[in-house]
Amino acid sequence: MKFTIDQIAAMLQGKVIGSGTDTISTIGKIEDAGKGAIAFLANPKYEKYIYTTQASAVLVRDDFEPEKPVGTTLIKVKDPYSGFTRLLEEYDKLMSYVKEGIEEPSFIAPDAETGERIYRGAFSYIGSKCKIGHNVKIYPHVYIGDNVSIGDNCILYSGVKIYHNTVMGNNCIVHSGTVVGSDGFGFAPQDDGTYKKIPQLGNVIIRDDVEIGANTVIDRATMGHTIIDKGVKLDNLVQIAHNVEIGANTVVASQTGISGSTKLGKNCVLAGQVGLVGHIEIADRVTLAAKTGLSKSVKEPGTIKFGYPAMDHKEYLKSHAVFRNLPELNRRVHELEKKVLNLRAN
Amino acid sequence: MKFTIDQIAAMLQGKVIGSGTDTISTIGKIEDAGKGAIAFLANPKYEKYIYTTQASAVLVRDDFEPEKPVGTTLIKVKDPYSGFTRLLEEYDKLMSYVKEGIEEPSFIAPDAETGERIYRGAFSYIGSKCKIGHNVKIYPHVYIGDNVSIGDNCILYSGVKIYHNTVMGNNCIVHSGTVVGSDGFGFAPQDDGTYKKIPQLGNVIIRDDVEIGANTVIDRATMGHTIIDKGVKLDNLVQIAHNVEIGANTVVASQTGISGSTKLGKNCVLAGQVGLVGHIEIADRVTLAAKTGLSKSVKEPGTIKFGYPAMDHKEYLKSHAVFRNLPELNRRVHELEKKVLNLRAN
Amino acid sequence: MKFTIDQIAAMLQGKVIGSGTDTISTIGKIEDAGKGAIAFLANPKYEKYIYTTQASAVLVRDDFEPEKPVGTTLIKVKDPYSGFTRLLEEYDKLMSYVKEGIEEPSFIAPDAETGERIYRGAFSYIGSKCKIGHNVKIYPHVYIGDNVSIGDNCILYSGVKIYHNTVMGNNCIVHSGTVVGSDGFGFAPQDDGTYKKIPQLGNVIIRDDVEIGANTVIDRATMGHTIIDKGVKLDNLVQIAHNVEIGANTVVASQTGISGSTKLGKNCVLAGQVGLVGHIEIADRVTLAAKTGLSKSVKEPGTIKFGYPAMDHKEYLKSHAVFRNLPELNRRVHELEKKVLNLRAN
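Residues numbered from 1 in each chain as written. Chains lettered and ligands numbered in written order. Predicted model: local features only at pLDDT ≥ 70, side-chain atom pairs only at ≥ 80, totals over all residues. Heavy atoms only, no water.

**Focus: the overall build of chain A**
Thought 1: A tally of helices and strands in chain A yields four helices and 40 strands.
Thought 2: Relative to its length of 346 residues, chain A is extended, with a C-alpha radius of gyration of 27 Å against a globular reference of 20 Å.
Thought 3: Dimensions of chain A, computed from C-alpha atoms along their principal axes, come out at roughly 90 × 70 × 30 Å.
Thought 4: In chain A, which comprises 346 residues, the proportion classed as buried is 56%.
Thought 5: Counted over contacts in chain A with a minimum sequence separation of 6, partners at least 24 positions apart contribute 17%.
Thought 6: Entry remark: accessible area of chain A is about 14000 Å², with carbon and sulfur atoms responsible for 49%.
Thought 7: Looking at charge distribution, chain A has the averaged site of its 40 positive side-chain charges lying 6 Å from that of its 39 negative ones. (Helix = DSSP H or I, 4+ residues; strand = E, 2+ residues; numbered from the N terminus. Rg over C-alpha atoms; globule rule 2.2 N^0.38 Å. Buried < 20%, exposed > 50% of the residue type's maximum accessible area, 1.4 Å probe, protein only. Contact = heavy atoms within 4.5 Å. Areas by Shrake-Rupley, 256 points an atom, 1.4 Å probe, with all protein chains shown as cover. Lys, Arg positive; Asp, Glu negative; His and termini not counted. Charge placed at Lys NZ, Arg CZ, Asp CG, Glu CD.)

**Looking at the interface of chain A and chain B**
Thought 1: Each partner contributes to the interface: chain A provides 65 residues, whereas chain B provides 63 residues.
Thought 2: Summing both partners gives a buried area of about 5300 Å² for chain A against chain B, and 66% of it is carried by carbon and sulfur.
Thought 3: Interface area lost by chain A to chain B is led by Phe185(A), Met223(A) and Tyr308(A), which between them contribute 13%.
Thought 4: Counting every contact that joins chain A to chain B gives three salt bridges. (Buried area = accessible area lost by both parts, 1.4 Å probe. Salt bridge = Lys/Arg side-chain N within 4 Å of Asp/Glu carboxyl O.)

**So, the sheet that holds strand β9 (residues 107-108) of chain B**
Strand pairing in a sheet relies on backbone hydrogen bonds, with the paired strands running either antiparallel or parallel.
Residue and element names in this part refer to chain B.
Thought 1: Strands sit in the order β9-β12-β15-β18-β21-β26-β29-β32-β35-β38 across an open sheet of ten strands; the sheet is parallel. Strand pairing shows two members of the sheet lacking a second neighbour, β9 and β38 (293-294), which therefore form its edges.
Thought 2: Summarising the sheet, strand β21 (residues 179-182) and strand β26 (residues 217-219) pair through three bridges and their orientation is parallel. Bridging across to β26, valine 180 finds its partner in isoleucine 218. (Pairing = 2+ DSSP bridges.)

**Thoughts on the relation of the copies chain A and chain B**
Thought 1: Of the two same-sequence chains, chain A is brought onto chain B (RMSD 0.2 Å, axial shift 0.0 Å) by a rotation of 121°. Both copies are brought into coincidence by an operation consistent with a three-fold rotation axis. (Least-squares fit on C-alpha atoms with pLDDT ≥ 70 in both.)

**Focus: helix α4 (residues 326-345) of chain C**
Thought 1: For α4(C), which comprises 20 residues, the first-to-last C-alpha distance of 29 Å matches the rise-based estimate of 28 Å (1.5 Å per residue) to within 8%.
Thought 2: Taken together, the buried positions of α4(C) are Leu326(C), Leu329(C), Arg332(C), Val333(C), Leu336(C), Val340(C) and Leu343(C). Angular distribution of buried residues about the axis of α4(C) spans 110°; they occupy a single face of the element. Residues Leu341(C) and Ala345(C) are exposed on α4(C) and point more than 90 degrees away from its buried face.
Thought 3: The inward-facing, buried residues of α4(C) abut α4 (326-345) of chain A, α3 (313-324) and α4 (326-345) of chain B together with α3 (313-324) of chain C. (Expected span 1.5 Å × (residues − 1). Arc of directions from axis to C-beta.)

**Some words on the confidence of the model for chain A**
Thought 1: Considering every residue of chain A, the mean pLDDT works out to 93; 98% of them sit at 70 or more.
Thought 2: Quick note on the complex model: pTM equals 0.87, ipTM equals 0.86. (pLDDT = per-residue confidence, 0-100.)

**A short note on the domain arrangement of chain A**
Thought 1: Partitioning chain A into structural domains gives domain 1 (3-96), domain 2 (101-313) and domain 3 (316-345).
Thought 2: Placing a centre on the C-alpha atoms of domain 1 of chain A and another on those of domain 2 of chain A gives a separation of 38 Å. (Domains from an automatic or database assignment.)

**Quick notes on unusual backbone geometry**
Thought 1: With omega at 0°, the peptide bond leading from Glu104(A) into Pro105(A) counts as cis.
Thought 2: Mapped onto the fold, Pro105(A) is located in the loop between β8 (101-102) and β9 (107-108).
Thought 3: Unlike most non-glycine residues, Ser261(C) shows phi in positive territory, near 70°.
Thought 4: Assignment of secondary structure puts Ser261(C) in the loop between β32 (257-258) and β33 (263-264).
Thought 5: Judged by relative accessible area, Ser261(C) falls into the partly exposed class, the value being 21%.

**Some details on the interface of chain C and chain A**
Thought 1: On the chain A side, the residues contacting the 65 residues of chain C number 63 residues.
Thought 2: Across the interface of chain C and chain A, roughly 5300 Å² is buried in total on both sides, 65% from carbon and sulfur atoms.
Thought 3: Together, Phe185(C), Met223(C) and Tyr308(C) form the three largest contributors to the area buried by chain C at its contact with chain A, with a combined 13%.
Thought 4: Scanning the region where chain C abuts chain A turns up three salt bridges.
Thought 5: Two residues, Asp146(C) and Lys99(A), come together in a salt bridge whose shortest N-O distance is 2.9 Å.

**With respect to the pattern of salt bridges**
Thought 1: Counting across every chain of the model gives 34 salt bridges over all chains.
Thought 2: Between Lys197(B) and Glu211(C) there is a salt bridge whose closest N-O contact spans 2.8 Å. Placement of the pair is Lys197(B) in strand β23 (residues 195-197) and Glu211(C) in strand β25 (residues 211-212), with the two residues belonging to separate chains.
Thought 3: Under the relative-accessibility criterion, Glu211(C) is labelled buried at 5%.
Thought 4: One salt bridge in this structure joins Glu245(B) and Lys263(B), with 3.9 Å as the shortest N-O distance.

**Quick look at the nonpolar core**
Thought 1: Ile144(A), Ile144(B) and Ile144(C) are the most contacted members of the largest nonpolar core, which totals 186 residues.
Thought 2: Aside from chain neighbours lying at most four places away, what touches Ile144(C) is Tyr125(C), Ile126(C), Gly127(C), Cys130(C), Ile132(C), Ile138(C), Ile150(C), Leu156(C) and Ile162(C).
Thought 3: Counting 37 residues, the second largest nonpolar core, distinct from the first, contains Met311(A), Val333(A), Ala289(B) and Phe306(B). (Core = buried A, V, L, I, M, F, W, Y, C linked by side-chain atoms within 4.5 Å.)

**Considering the packing of α3(B) against α4(B)**
All names here are of chain B.
Thought 1: Contact geometry for α3 and α4: axes closest at 5 Å, N-to-C directions at 65°. Considered as vectors, α3 and α4 are oriented roughly perpendicular to each other. Two secondary-structure elements touch here, α3 through Val322, Phe323 and Arg324 and α4 through Leu326, Pro327 and Leu329.
Thought 2: When the residues that make up the contact of α3 with α4 are grouped by side-chain class, the tally is five nonpolar, no polar and one charged. (Axes fitted to C-alpha atoms, helices over the stretch in contact; angles between N-to-C directions. Parallel < 35°, antiparallel > 145°, perpendicular 65-115°, else oblique. Nonpolar A, V, L, I, M, F, W, Y, C, P; charged D, E, K, R; others polar.)

**A few points about the sheet that holds strand β7 (residues 73-77) of chain B**
Residues and elements named next belong to chain B.
Thought 1: Spatially, β2-β7-β6-β5-β4 is the arrangement adopted by the five strands of the open sheet, whose pairing is mixed. Two strands lie at the open edges of the sheet, namely β2 (15-17) and β4 (26-27), each paired on one side alone.
Thought 2: Of the strand pairs in this sheet, β4 and strand β5 (residues 37-40) are connected by two bridges, and their pairing is parallel. Looking at β5, one finds that threonine 26 is bridged to alanine 37.

**What to know about the pairing of strand β5 (residues 37-40) of chain C**
Thought 1: The pairing of β5(C) with strand β6 (residues 57-61) of chain C spans three bridges and is classified as parallel. By the bridge assignment, Ile38(C) is partnered in β6(C) with Ala57(C).

**Some remarks on the pairing of β21(B)**
Thought 1: Relative to β21(B), strand β18 (residues 161-162) of chain B is paired through two bridges, and the arrangement is parallel. Its bridge partner being in β21(B), Ile162(B) is matched across the sheet by Val180(B).

**Quick notes on the environment of Tyr143(B)**
Thought 1: Mapping Tyr143(B) onto the fold places it in strand β15 (residues 143-144).
Thought 2: Every residue in contact with Tyr143(B), bar those within four places of it in the chain, is listed here: Tyr125(B), Val160(B), Lys161(B), Ile162(B), Tyr139(C), Pro140(C), His141(C) and Ser158(C).

**Section: the packing of aromatic side chains**
Thought 1: One pass over the structure, following the stated rule, counts 45 aromatic pairs over all chains.
Thought 2: Ring centres of Tyr139(A) and Tyr143(C) lie 6.3 Å apart, and the angle between their planes is 85°; this geometry places the pair in the edge-to-face category. Placement of the pair is Tyr139(A) in the loop between β14 (137-138) and β15 (143-144) and Tyr143(C) in strand β15 (residues 143-144), with the two residues belonging to separate chains.
Thought 3: Assessed through its relative accessible area of 9%, Tyr139(A) is described here as buried.
Thought 4: Relative to Tyr139(B), the ring of Tyr119(B) lies with its centre 5.3 Å away and its plane at 85°, an arrangement referred to as edge-to-face. Here Tyr119(B) is found in strand β11 (residues 119-120), whereas its partner Tyr139(B) is found in the loop between β14 (137-138) and β15, with 20 residues between them in sequence.
Thought 5: A relative accessible area of 1% means that Tyr119(B) is categorised as buried.
Thought 6: One aromatic cluster is present, formed by Phe306(A), Tyr308(A), Tyr316(A), Phe323(A), Phe306(B), Tyr308(B), Tyr316(B), Phe323(B), Phe306(C), Tyr308(C), Tyr316(C) and Phe323(C) through successive ring pairs. (Phe/Tyr/Trp six-rings, centres within 6.5 Å; stacked < 30°, edge-to-face > 60°.)

In structure tokens form, the structure reads like this:
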């Protein structure tokens, strides 16, 4: 990246306060960026750094007025954070090692089809009857089982494992170690205490624009489909059981688990280490706070739940405030009992 | 699968109510199966679909009597669910891509032994002195370290990693990304605040008929063995620490963690996201509800525990019912205090 | 291992009580070790076994005096546990399969550099511009992306995935399936309900003497670095989000998750299944009990926290003791209400 401050300001439709002729060659955080770097200020907590930063330029909000002199050039924009994100994207394009071509040895079944501008890393495996779109990057050690379909512009990082019959849309990113299509956890208890495996014959469907973190697992359906809808973002180490359906643009943070056949609405937010039982339904725009355990359906869109068993978020916090003082409450009741005993004795 | 309804009924020892001559070519769920499909009805919640299903046949219980006319053929069996499972198995056998033979490049040490009808996928690795049984499927990117023994009829899906000296019985299934035999988490604190690694010299023993989900980890013992007994079923993303022993037919759901040297009895059920401290013992047939944290041994077989620290399941629910209303309880105590103060003032 | 008891006693500066001429060929646990084995006794709970053990020798504390006759030779040392650990290390060196050399096929970019005495397993991958130190063991199916730097004496077990630009120090051990450098979970919400990916341009820095368990994930920083400092030990299935910093010698147990930009001090201990929100700071020597959820910074070094939302450890236990009896407390308040009503009626 080699732009002048003026060029960057023009790109972001911002206004330059100070000199615009210096060259920006990198990006940084306001508290530790150096000369030649551009940073941003969005959170007021970081405002103090604007007076000490060594960055050559800082993106600030339209209405920001420094209370003291600043030694850096300011670029005033409507939204410094999203402006900075745009810069990051440009920087990423320039920096990223563009992978293309085929490294050997790699394995592809004779009846598999791949599109144009593909990257097939060394030791990658593509099974029989697979259909892979254009501009797909398949990193080393990726396994794609038989009869898998993958759309255009997808990236599968090293070690991703896709079981047979999985369907993936366009523009998806899957990080290392994630497993898609493993058998659902289904066993029929027998009279002698053993379990008999229930064959898992369905598959996984992942729609467009989905990103999945590292070492996450999505099980195939017993019958039918496990469905990850358009625009869903799953973090690392997430568990998605068989026949789960996740609505469009829902976000699931790390180490959360969703049990079998549960259906989530659109635009939900599940924080980290949340657990959902099976066979329930969650409305759109529901938020589950970290570590929440949900054992019942949530019908009201926009609800916020917390705790385990899950309660309304505010109610939980009120109950927990009393919980913190339970020994004191217990003592007060004991005191009352003594006083009432005295009163009755009189 | 191409059977007539009569043939299927005969196979399942069921009784046909309606026409038995139609051909069944697939399987489905009662709510969305179409012509040519067979479905089942076990859960009364789904009974309404029997009157609208497009399935050509539905397995129902012996004693099921429709309240309205049905447009599908019924096959009455003792247990529709297990009957259906049997059909799934037949279907699975016909559908599954039977893997056999050796794909290249693959790696096998000269002194390793493998049985008959083996599948060794491309990029699979079998180390020195390994003994692999008959009819074993080793998918691409599987790693089997030195001196590992694996019985007959096992399936190791792509990317399974088995460390040296592991012993696995017959008929085991291990899903992608699961690690067996990694070092236990053992470090001796030193006076200067650093930790010194304690060598982990034991191994992992997995007995017959065990199934393990994806991205699960089973650590090797410090000394001796980490033991997964016959018929145990482990879900995805489960953590089994060093020297743990899990009794026969115990089932462990996703994201549950069992700390070092803890011993579980037979036929226990651990729900999801449960945690157990180390060095405790759990009796047979114990159930731990989801997210339970267990820090003490459970001696009574058949106990159900819940919460953290874990309590008797029913007691926990009673306490939690009051917890939900703690602000109200607090208010009532405050009210009493005022009244008692008034009474004493009079 | 073939030493006499006298030789072992000399090595550990211990005093032999009994015959020192027998040969020790293996190690074991006091409760099940046999002839030719050495065991140790540190925990008084196991003292009963000293009178029945078949081990040829047992390490005991300096001041241990048996209450009954013992049939084994005792070696008295200052610290039996650390003495035993030292024996384990010796045993490990003799037993371990020393890996060295290059197995084929393996992949290394022409411009990557590796040191002396390297092991590169079959199907391992080393990307462009990598610098790998001396005496490094890279097991089969390891992926090392472009421009990664790895110090001396590191071990990367089968299936470890290291993304581009990662920096790792000396003497590190990473277990199978662990992912280092995957993208942080960063998405900017858009007005239409979709999310836009925020490019993750930083990297991961791992300092000397770090050990990481299996199937753990450490995300790269958005900008700057995710830092795992010297001597840190991470267990299996741990989640470390983008821009997290973990201080020297901090220990993190299995299935714990640390959210973005949170900073941990030195010598902290995080038990299993703990969760930390993002953007908080934890002082040195803080302990978080199992399953704790921490949503605020902890400024006091040495604090012990428990529960969720986290409380002082002892306070939590006191509150929980009352929680166990909440139905009884509720009944007592109800009783008081009746009595006070009666008193006021009189």
